[in-house]
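Architecture at a glance
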Amino acid sequence: MTLKSKTALVTGSTSGIGLAIARGFAREGADVVINGFGKREDIEKARAGIESEFGVRAHHSDADMTRPEQIAAMVRDAEERFGSVDVLVNNAGIQFVSAIEEFPAEKWEQIIAINLSSAFYAMQAAIPGMKRREWGRIINTASAHSLVASPYKSAYVAAKHGIAGLSKSAALELAPHKVTVNCISPGYVWTPLVEAQIPDTMKARGLTKEQVIDDVLLKAQPTKEFVTVDQVAALAVFLCSDAASQITGANLSMDGGWTAQ
Ligand code: NAD
């Protein structure tokens, strides 16, 4: 168990990739703080399931990643509750699909806040404790869209390119402190986020659901398979191991060959 007596905080972990990562850390013995929105009973089921399946403590924070003061309070609360935040995964993210000239300004602001600025504020709050303890792992869920673009996803692509740069800068600042900072950049992972953008893509491009899946989503992915949330979680767990202590400032693709093209 690589994470025994450590605490991991994963933003946006009430579903999809974040929940799989939180469960992956709990399997390795970490206490976990999950975060995000959803139905009360679903969140409680996920939280209690982590405790009972893995024998660790799990807490849910409903901090809103558009609110810097709530982000700082979430990190402070985790440190007080479990003693430290040793692993921080900035994973919360949303998508919006539209041509630039019709892109609603509030959606632009929201995506930049949740997908990029929240990582900055969470890191700002968690780094002092990591430096003090001379150990830390910061993992940012970026995307293939941190390396290449697609049309109609301007805010998302801008935020994901931004988080890739933020991660490199943080990696250099923290290199002397045994704190690593890396991005995981998945291609298309089958989660509610991907499922929810299908109707908008159908509308924006005038396609059927099957065409969006085959000709837009998996078109980019030479393996013609979706990445699974458990595969992303396994990479996050590896990044927390001693074997990964020299991996820092990296942007690790898991995209079925998408960005090799
Ligand atoms: P998801 O919709 O399943 O999960 C998103 C999570 O973020 C949920 O827990 C949600 O409650 C939370 N969230 C949304 N707004 C929030 C806010 N304001 N404050 C706090 N939490 C908030 O999506 P997912 O596919 O698991 O995506 C997770 C991350 O992975 C995102 O950063 C996404 O960009 C990235 N990603 C996803 C894919 C994919 O294909 N699914 C590919 C590459 C990168």
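Preceding block: the structure.
For the structure given in this document, a descriptive report is provided here. (Residues numbered from 1 in each chain as written. Predicted model: local features only at pLDDT ≥ 70, side-chain atom pairs only at ≥ 80, totals over all residues. Heavy atoms only, no water.)

Considering the site of the ligand
Near the ligand there are 30 residues, and of these Thr-14, Ser-15, Tyr-156, Val-189 and Thr-191 occur at the shortest range. Within the backbone of Gly-12, an N or O atom sits 3.4 Å from an oxygen atom of the ligand. Asp-64 is positioned with one of its side-chain polar atoms (N or O) 2.9 Å from a nitrogen atom of the ligand. When isolated, the ligand has an accessible area of 820 Å², and the protein chains bury 92% of it. Broken down by secondary-structure element, the contributors of at least two residues to the shell around the ligand are α1 (16-27), α5 (154-174) and α6 (192-205). Across the shell around the ligand, the residue classes break down as 15 nonpolar, 13 polar and 2 charged. (Near = heavy atom within 4 Å. Polar contact = N/O pair within 3.5 Å; in protein donor to acceptor, adjacent residues only side chain to side chain. Areas by Shrake-Rupley, 256 points an atom, 1.4 Å probe, with all protein chains shown as cover. Helix = DSSP H or I, 4+ residues; strand = E, 2+ residues; numbered from the N terminus. Nonpolar A, V, L, I, M, F, W, Y, C, P; charged D, E, K, R; others polar.)

Remarks on helix α3 (residues 68-82)
With 15 residues, α3 extends 21 Å between its outermost C-alpha atoms, agreeing within 8% with the 21 Å of an ideal straight helix rising 1.5 Å per residue. Along α3, the residues that are buried comprise Ile-71, Met-74, Val-75, Ala-78 and Phe-82. Down the axis of α3, the smallest arc covering the buried residues is 90 degrees, so these residues share one side. Once α3 ends, the next one or two residues include Gly-83, with phi positive near 100 degrees. (Expected span 1.5 Å × (residues − 1). Buried < 20%, exposed > 50% of the residue type's maximum accessible area, 1.4 Å probe, protein only. Arc of directions from axis to C-beta.)

Brief notes about the packing of α1 against helix α8 (residues 229-239)
Direction vectors running N to C along α1 and α8 enclose 50 degrees, while the axes themselves pass 8 Å from each other. As far as their axial angle goes, α8 and α1 are oblique. The way α1 lies across α8 gives a crossing that is right-handed. On α8, the residues touching Gly-16, Ile-17, Ala-20, Ile-21, Gly-24 and Phe-25 of α1 are Val-229, Asp-230, Val-232, Ala-233, Ala-236 and Val-237. Class assignment of the residues belonging to the contact of α1 with α8 gives a composition of 9 nonpolar, 2 polar and 1 charged. (Axes fitted to C-alpha atoms, helices over the stretch in contact; angles between N-to-C directions. Parallel < 35°, antiparallel > 145°, perpendicular 65-115°, else oblique. Left-handed = near helix turned anticlockwise from the far one by under 90°. Contact = heavy atoms within 4.5 Å.)

Purely spatial values, then, with no claim about function.
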